[in-house]
Amino acid sequence: MAYALLFVSLVLNSIALGDMNISLVPYITATSFFWVMILSFFFLHEKPGSRKIIGVIIIFVGIIVSRISI
């Protein structure tokens, strides 16, 4: 079942990102860690630890720095 869900997720992700500007795709996919953390907080009632929050902040800083340098 998990492999089927993974396959469906990859297909839907490819379809959704297929029509986008190719230069924006890495930035959108990098935010997936943020969305996983937020959705697991609301649906699974998982409290993110400080390492997870720091990791997401580092990802967002990296996205901002790379967007500024382009």
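All figures in this text were calculated on a predicted structure; none of them were measured in a lab.

Enquirer: Help me understand the side chain of Ser 40, please; the structure alone is not making it clear to me.
Expert: Tracing the backbone through its elements, the reader meets Ser 40 in helix α3 (residues 32–43). Separated by 3.0 Å, the side chain of Ser 40 and the backbone oxygen of Met 37 make a polar contact. Every residue in contact with Ser 40, bar those within four places of it in the chain, is listed here: His 45 and Glu 46.

Enquirer: Could you clarify how one ought to interpret a nonpolar patch on the surface in this entry?
Expert: On the surface, a nonpolar cluster with roughly 720 Å² of combined accessible area is contributed by Trp 35, Leu 39, Phe 41, Phe 42, Phe 43 and Leu 44. Tracing the backbone shows Leu 39 in helix α3.

The rules behind the values
- Residues numbered from 1 in each chain as written.
- Predicted model: local features only at pLDDT ≥ 70, side-chain atom pairs only at ≥ 80, totals over all residues.
- Heavy atoms only, no water.
- Helix = DSSP H or I, 4+ residues; strand = E, 2+ residues; numbered from the N terminus.
- Polar contact = N/O pair within 3.5 Å; in protein donor to acceptor, adjacent residues only side chain to side chain.
- Contact = heavy atoms within 4.5 Å.
- Patch = residues over 30% accessible without salt bridge, like charges linked within 9 Å, V, L, I, M, F, W, Y side chains within 5 Å.
- Areas by Shrake-Rupley, 256 points an atom, 1.4 Å probe, with all protein chains shown as cover.
- Salt bridge = Lys/Arg side-chain N within 4 Å of Asp/Glu carboxyl O.

From the geometry alone we can't say anything about function, so treat these as descriptive.
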